[in-house]
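# Coordinates in review
Next come the chains, spelled out residue by residue.
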Amino acid sequence: MSLHFGKIPTELDPEQIHDYLFYLQKKSKSPSQSYFKHTVYGLRFLLKSEGLSYDFLSLPEIKKEKKLPVVLSKQEVWQMLSGCKLLKHKILIGILYGCGLRCMEVRNLRLCDLDFGRKQLKVVQGKGKKDRYLPLSEHLIRGLKKYIEAEKPEDYLFGMPREGRAGGEFDSRYSQRGVQWAVKQASKTANILKEVSVHTLRHSFATHLLEDGMDILSIKNLLGHESIDTTLVYLQIAQLSTQKLFSPLDTLFSEFGKK
């Protein structure tokens, strides 16, 4: 922009800025217009560095793209669990899906957060610095007991023994990369073609609960969402029996296919 006008952007008027941004939009061949967006972000950073408000150059607002999350079918989740070779990975994926935890939350889980008697798991200081309780499945409790007996974790549920820890680790928690790798490996073994991440299991947890009949407000509380608006996205994904969507090809074939 500076080379184009021969001036630094803060010496330009808003009309010149808009002309240049319009030129970038026309030039862009990508639907995401990433160069245009990064130019706006760069200008914002410049203004912030100079102690100026965004209004100084009348910068346009960059709207976030609204994308629906990837959700696994129950069959795909079962394939991931069944294909795990390590008990640790099976329990990890079981908790991520069965309790809808974020990556940070599953890494922070301690033995003292498990209450088998009340069939509950406590998330301590999750996102937004809030605690919450989640129900534990009987199947998960059985697996957890087996895992604890075999692995003997000392503090964190998915911790590493001191002698097996890599240098530079501040505590014994399972690394973020380790959790991500375990999920990716399980989806690969299950031959799932969808783009699967740790958060995909959380999205699947919420969607499957909705399809199984749980109300949206209860799901919001289980997920630890601040606003109900964040949870409402699952209404666009869930295949509810009361409003199940279908293709007109289904009715077409049912009426004429056997004639």
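See the structure above.
Here the structure is a predicted model, which is why all the values come from computation and not from measurement.

### Quick word on the packing of helix H5 (residues 87–99) against helix H7 (residues 138–151)
Where H5 contacts H7, the axes come no closer than 10 Å and their chain directions differ by 145°. Regarding H5 and H7, the two cross each other, and that crossing is left-handed. Together, Leu87, Lys88, Ile91, Gly94, Ile95 and Cys99 of H5 and Leu140, Gly143, Leu144, Lys146 and Tyr147 of H7 make up the contact between the two elements. The residue inventory of the contact of H5 with H7, partitioned by class, reads seven nonpolar, two polar and two charged.

### Observations concerning the nonpolar core
Counting residues in each nonpolar core, the largest one holds 48 residues, and the members touching the most others are Met80, Ile95, Leu96, Leu101, Val106, Leu121 and Phe158. Contributing elements (two or more residues each) for this core: helix H4 (74–83), H5, helix H6 (103–107), strand S2 (120–123), H7, helix H8 (176–189), helix H9 (198–211) and helix H10 (216–223). Ignoring anything within four residues of it in the chain, the contact list for Val106 reads Leu92, Ile95, Leu96, Leu101, Phe158 and Val179. Membership of the second largest hydrophobic core comes to 13 residues, among which are Leu12, Tyr20, Leu21 and Leu47.

### Details of the layout of surface pockets
Its boundaries defined by the atoms lining it, the largest pocket holds a volume of some 660 Å³. Lining the largest pocket are 22 residues, and of these Leu81, Gly94, Tyr97, Ser137 and His139 lie nearest its centre. At the level of elements, H4, H5, H7 and H9 are the ones that each hand at least two residues to the lining of the largest pocket. Sort the elements by how many residues they give to the lining of the largest pocket and H5 lands first, with six residues. Classifying every residue of the lining of the largest pocket gives 12 nonpolar, seven polar and three charged. Approximately 370 Å³ is the volume found for the second largest pocket. In terms of lining, the second largest pocket is formed by 19 residues, of which the most central are Arg102, Arg202, Gly224, His225 and Glu226. Residue assignment for the lining of the second largest pocket shows that the elements contributing at least two residues are H9 and H10. Sorting elements by how many residues they give to the lining of the second largest pocket places H9 first, with three residues. Tallied by class, residues from the lining of the second largest pocket come to three nonpolar, eight polar and eight charged.

### Some words on the pairing of S2
With two bridges joining them, strand S1 (residues 114–115) and S2 adopt antiparallel strand pairing. Opposite Leu114, over in S2, you have Leu121 as the bridge partner. Hairpin remark: S1 followed by S2, antiparallel, with four residues in the connecting loop; positive phi at Lys119, about 55°.

### Comments concerning the pattern of salt bridges
Pairing between side chains of opposite charge can happen when the charged atoms of each approach one another. Taken as a whole and judged by the stated rule, the model has nine salt bridges. One salt bridge in this structure joins Asp155 and Arg110, with 2.9 Å as the shortest N-O distance. Pair noted here: Asp155 is in the loop between H7 and H8 and Arg110 is in the loop between H6 and S1, with a separation of 45 residues, a long-range link. The class of Asp155 is partly exposed, set by a relative accessible area of 32%. A relative accessible area of 30% means that Arg110 is categorised as partly exposed. We note a salt bridge from Lys184 to Glu195, for which the minimum N-O separation is 2.7 Å. Here Glu195 lies in the loop between H8 and H9 and Lys184 lies in helix H8, a separation of 11 residues in the sequence. Because the salt bridges share partners, they merge into one network encompassing Arg102, Glu105 and Arg132.

Definitions and limits used
Residues numbered from 1 in each chain as written. Predicted model: local features only at pLDDT ≥ 70, side-chain atom pairs only at ≥ 80, totals over all residues. Heavy atoms only, no water. Axes fitted to C-alpha atoms, helices over the stretch in contact; angles between N-to-C directions. Helix = DSSP H or I, 4+ residues; strand = E, 2+ residues; numbered from the N terminus. Left-handed = near helix turned anticlockwise from the far one by under 90°. Contact = heavy atoms within 4.5 Å. Nonpolar A, V, L, I, M, F, W, Y, C, P; charged D, E, K, R; others polar. Core = buried A, V, L, I, M, F, W, Y, C linked by side-chain atoms within 4.5 Å. Buried < 20%, exposed > 50% of the residue type's maximum accessible area, 1.4 Å probe, protein only. 1 Å grid on protein atoms, 1.4 Å probe; cavity = no way out; pocket = protein on both sides within 12 Å on 5 of 7 lines; lining within 4 Å. Points joined across faces, edges and corners; volume = space filled by probe spheres on them. Pairing = 2+ DSSP bridges. Salt bridge = Lys/Arg side-chain N within 4 Å of Asp/Glu carboxyl O.

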